[in-house]
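# Observations on the model geometry
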Amino acid sequence: MSPVSGGRSCFYKGEMRMDGETFKERCNECTCNDGHVSCTEKACGSKPGRCPRPTGIAICVKTCTDDSSCHGRRKCCSNGCGHTCVLPENGGNHCYHKGQKRMDGETFKDRCNTCTCNNGHISCTEMACGSKPGRCPRPTGIGICVELCTDDSSCHGRRKCCSNGCGHTCERPVGICDGMACPQVLRCPNQYTPPGQCCPVCGPIGKPDCSKIACTLRHCVGQYTPPGQCCPVCPRNTY
C-alpha cells in the first residue's frame, strides 16, 4: 500500500485518481481508496526486442500499459505522445523460405497456402494446390516485375499462373488440347472447331443469305461466326 495525500482522491505518478477508481499500472491493478493507492505486486515481464523509435508526434492515446497488455509479440511502446502496441525491432529471429528472407511475424503466400514466420520457424497451411490443364506460354523477353498470382487457383477461369520472365501473371494456357480424345468421329464435310474448344463440330450445310439479317450485338471476348451462319456468337468456354 502506498499512502498519498489529497483527501478522498489520490495522486499517483502525476495523475489524479478518484476515490474507488481502479486502474492499471503496468501488469498490476491499482485502486484509489480514500486517498491511498494500493496495487497488486505481480512481476511484470518484458517481451524480447526493442520499441521502435517514434517518428514525429502521433495521436495522444494510451491503448496499453505494459507488454502484457499487447497480443502476441507486440510491445507497449511510446508513439511520441501516447502508448500503443507495436511489433518490436529484433523481436525474434527472421526466417528463410525458398531463398527469400522473411521477418519475424510476417505472413505471406506460398502458392495457395498461407505461411507465417514465427521466431525463425516457418509454418504453412497444407491445402492441395491444383494445377489447371495446359502449359504456360513461353515468356518472350522480360515482362513486368510484379507478382499478380501465386498459383493457378489465383487465376480466373482457365487461366494459369505463369512466369512472364520476371514476375508471375495470369495467362491463357497453350497445349490444352494435347492428348485429348474427342468423343466421336464426325462424318460431316463442313466440320470446324469453335474457339475455346478442342473437338470439332458439324456446321450447317450451304451458305446462308446474310444481307437481310440484323445481328444482335454481343459483348464477349473471342466471338466468332460459325460456318453456315451470319451472326457472331460467344465461345462456349471463355478463358
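Everything here concerns the structure above.
We now turn to the structure provided with this report. (Residues numbered from 1 in each chain as written. Predicted model: local features only at pLDDT ≥ 70, side-chain atom pairs only at ≥ 80, totals over all residues. Heavy atoms only, no water.)

Let's shift gears to the overall build of the protein chain. Check the secondary structure of the protein chain and you find zero helices and 17 strands. Here the protein chain holds 239 residues, and the buried ones make up 26% of them. Sequence-distant contacts, at least 24 apart, represent 32% of the contacts inside the protein chain between residues at least 6 apart. Approximately 16,100 Å² of the protein chain is accessible, and the part contributed by carbon and sulfur atoms is 52%. (Helix = DSSP H or I, 4+ residues; strand = E, 2+ residues; numbered from the N terminus. Buried < 20%, exposed > 50% of the residue type's maximum accessible area, 1.4 Å probe, protein only. Contact = heavy atoms within 4.5 Å. Areas by Shrake-Rupley, 256 points an atom, 1.4 Å probe, with all protein chains shown as cover.)

Glancing now at the side chain of N79. Topologically, N79 is positioned in the loop between β7 (75–78) and β8 (83–86). Engagement of the side chain of N79 in a polar contact is seen with the backbone nitrogen of C81, the distance being 3.0 Å. Of the polar contacts made by the side chain of N79, one reaches the backbone nitrogen of G82; its length is 2.7 Å. (Polar contact = N/O pair within 3.5 Å; in protein donor to acceptor, adjacent residues only side chain to side chain.)

Together, F11, M16 and M18 make up a nonpolar patch on the protein surface, roughly 320 Å² of accessible area in all. By relative accessible area, F11 is classed as partly exposed at 46%. (Patch = residues over 30% accessible without salt bridge, like charges linked within 9 Å, V, L, I, M, F, W, Y side chains within 5 Å. Salt bridge = Lys/Arg side-chain N within 4 Å of Asp/Glu carboxyl O.)

Read from one edge of the open sheet, three strands run β11-β12-β13, paired in antiparallel fashion. With one partner strand each, in any of the chains shown, β11 (107–110) and β13 (121–124) form the two edges of the open sheet. Mean inter-strand twist for the sheet, computed between neighbouring axes without regard to direction, equals 30°. Pairing geometry for β11 and strand β12 (residues 113–118), over four bridges, is antiparallel. (Pairing = 2+ DSSP bridges. Axes fitted to C-alpha atoms, helices over the stretch in contact; angles between N-to-C directions.)

Turning our eyes to something else, we now look at the pattern of salt bridges. Per the counting criterion, the structure on display carries six salt bridges. Residues R17 and E21 are paired through a salt bridge, measuring 3.1 Å at the closest nitrogen-oxygen approach. You can call E21 partly exposed: its relative accessible area is 24%. The closest approach of N and O atoms between K98 and D110, which form a salt bridge, is 3.1 Å. Of this pair, K98 sits in the loop between β9 (95–97) and β10 (100–102) while D110 sits in strand β11, and the two are twelve residues apart along the sequence. In this structure D110 comes out as buried when scored by relative accessible area, which is 17%. Salt bridges sharing common partners tie together E15, R17 and E21.

All right, on to the packing of aromatic side chains then. Per the counting criterion, the structure on display carries one aromatic pair. Consider the rings of Y12 and F23, whose centres lie 5.7 Å apart with planes at 50°: the pair is tilted. Residue Y12 is found in strand β2 (residues 10–12), and its partner F23 is found in strand β4 (residues 22–25); the two are separated by eleven residues along the sequence. Across this residue pair, the class does not change: Y12 and F23 are buried. Above the face of the F23 ring, R17 is positioned so that its terminal group lies 4.0 Å from the ring centre. Against the face of F108 rests R102, its NZ or CZ located 4.0 Å from the ring centre. (Phe/Tyr/Trp six-rings, centres within 6.5 Å; stacked < 30°, edge-to-face > 60°. Lys NZ or Arg CZ within 6 Å of the ring centre and 35° of its normal.)

General note: in soluble globular proteins, nonpolar side chains tend to be found buried as a group. One finds C10, Y12, F23, C30, C32 and V37 forming the largest nonpolar core, which totals six residues. Elements represented by at least two residues in this core include exactly β2 and β5 (28–33). Among residues more than four places away in sequence, those in contact with F23 are Y12, R17, N28, E29, C30, T31, C32 and V37. (Core = buried A, V, L, I, M, F, W, Y, C linked by side-chain atoms within 4.5 Å.)

Within the secondary structure, N113 sits in strand β12. Residue classification places N113 among the buried residues on the basis of a relative accessible area of 10%. For N113, the side chain forms a polar contact with the side chain of T125, separated by 2.8 Å.

Everything listed here is a matter of geometry and, on its own, says nothing about what the molecule does.
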